[in-house]
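# Inside the fold
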Amino acid sequence: MSSSSHIHQSIPLIDVQSWTEPNGFTESARSKVAKQVDQACRNVGFFAIKHHGIPKTTIDAAWSISKAFFDLPLETKLASKTNDEATYPYGYENSECLIEGRRRHQSHDQYEEGCSEDSDENRPDTKETFSLGPPEGSGMPTRRFPAHPSNFEPAMTAYYEAMERLALILMRVFAVALELPAQHFFDSYLDKHWSALRTLNYPAIDGDVDDHAATSFRIRAGEHTDYGALTILRTNGPGLQVQAKSRDGPLQWIDVPVLRDDDVFIINLGDMMQRWTNDEWKSTLHRVIAVKDDNGGSYSQRQSMAYFCNVHGNALVSPLSTCCRDDQPAKYEPILAKDHLMAKHLASMGYKAGLSGNDDSK
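This section reports on the structure supplied with the text.

Further remarks concern the pairing of strand 6 (residues 196–202). Extensive coverage of strand 6 is indicated by the burial of seven of its seven residues. Because side chains alternate across strand 6, one face comprises the buried residues Ala-196, Arg-198, Leu-200 and Tyr-202, and the other comprises Leu-197, Thr-199 and Asn-201, equally buried. Relative to strand 6, strand 5 (residues 128–132) is paired through five bridges, and the arrangement is antiparallel. When the bridges of strand 6 are listed, Ser-131 appears paired with Arg-198. Judged from the seven bridges that link them, strand 6 and strand 13 (residues 302–309) form a sheet pairing that is antiparallel. Bridge pairing links Ala-196 to Phe-308 in strand 13.

What follows covers empty space enclosed by the protein. In this structure the tally under the stated criterion is five cavities of 30 Å³ or more. Lining the second largest cavity we find 14 residues, and of these Arg-234, Thr-235, Pro-257, Leu-259 and Ile-266 sit closest to its centre. Where the lining of the second largest cavity is concerned, the elements lending two or more residues are strand 8 (230–235) and strand 11 (264–269). Its residues placed into classes, the lining of the second largest cavity shows nine nonpolar, three polar and two charged.

Rules and cut-offs
Residues numbered from 1 in each chain as written. Predicted model: local features only at pLDDT ≥ 70, side-chain atom pairs only at ≥ 80, totals over all residues. Heavy atoms only, no water. Buried < 20%, exposed > 50% of the residue type's maximum accessible area, 1.4 Å probe, protein only. Helix = DSSP H or I, 4+ residues; strand = E, 2+ residues; numbered from the N terminus. Pairing = 2+ DSSP bridges. 1 Å grid on protein atoms, 1.4 Å probe; cavity = no way out; pocket = protein on both sides within 12 Å on 5 of 7 lines; lining within 4 Å. Points joined across faces, edges and corners; volume = space filled by probe spheres on them. Nonpolar A, V, L, I, M, F, W, Y, C, P; charged D, E, K, R; others polar.

Shown next as structure tokens:
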């Protein structure tokens with residue numbers, strides 16, 4: 001069987017078993033996978049993987065406990081909401097506006113609290129989230145777990161640790177794909193990393209709403225790019241769309257097919273990886289839209305878990321030498337990872353970040 005097929009004409013499905021279970025596989029097999037990943041990262045910045053090696057029991061436990069948390073009363077969930085995004089950018093959240101944050105970060109607008117309610121496009125995303133930061137020793141604040149459900153901490157910790165291992169493997173694939181000196185090139189950047197796990201709930205929406213409200217609800221998470229190196233996503237329903245070129249050339253929104261197989265994850269690149277690769281790899285715009293049930297009535301509930309792989313905060317990120325040439329010099333100045341990440345995060349929450357360093361755009 002080929003190690004690559006497609007879940008969409010633009011998004012390949014890549015078998016990474018030669019990397020997750022390397023015994024019995026040749027270096028040539030691993031190199032072939034790296035080439036497939038390189039092509040996907042240059043073309044669209046999204047791909048799917050199978051044979052990832054994460055136990056089904058670990059996935060199921062985190063999935064179930066996440067649903068149990070979001071099923072709690074709002075008052076209970078709000079007890080896990082941070083009081084200050086700048087000092088603890090994790091916990092429960094239900095007012096993020098990704099599209100407005102993207103615009104604010106690009107234009108360096110002044111501080112503005114939250115999203116606008118005056119237009120459909122700028123309304124807060126119709127979702128709720130719980131985010132978990134890195135473990136002790138990263139230099140980030142100590143984790144805060146909700147009191148309920150009682151087994152939330154062990155289930156989410158186990159899933160986070162499984163994602164850590166998978167992200168390290170994928171970054172080694174990236175190193176080979178980018179022809180870096182060694183496949184362990186990125187390992188030191190992931191020591192004491194700042195990666196975050198975010199579990200998301202997009203509540204079901206009554207289809208019997210007026211036309212204006214239906215329009216505002218259609219976008220559940222506004223168009224955005226992710227901030228870090230890569231994202232590992234699991235979801236249970238339709239709605240994810242990626243901006244990609246059609247066969248004829250123009251950009252369009254394409255639906256990412258639902259992959260209910262426990263052995264499949266969606267992978268996409270973040271802004272930091274595009275910066276690192278001097279724009280040779282793509283951090284692609286994506287969004288989540290509301291999709292009606294098969295009977296055309298209500299908008300279905302949607303659940304997902306996303307692991308955002310971020311390097312350690314004091315890492316200095318500069319365009320890689322293998323991505324720079326005489327005819328394509330470095331497009332970006334070096335930047336501390338923490339400045340890049342926090343500026344992007346605070347923009348999505350309605351703040352202008354006053355941090356050191358320049359997160360200058362292209």
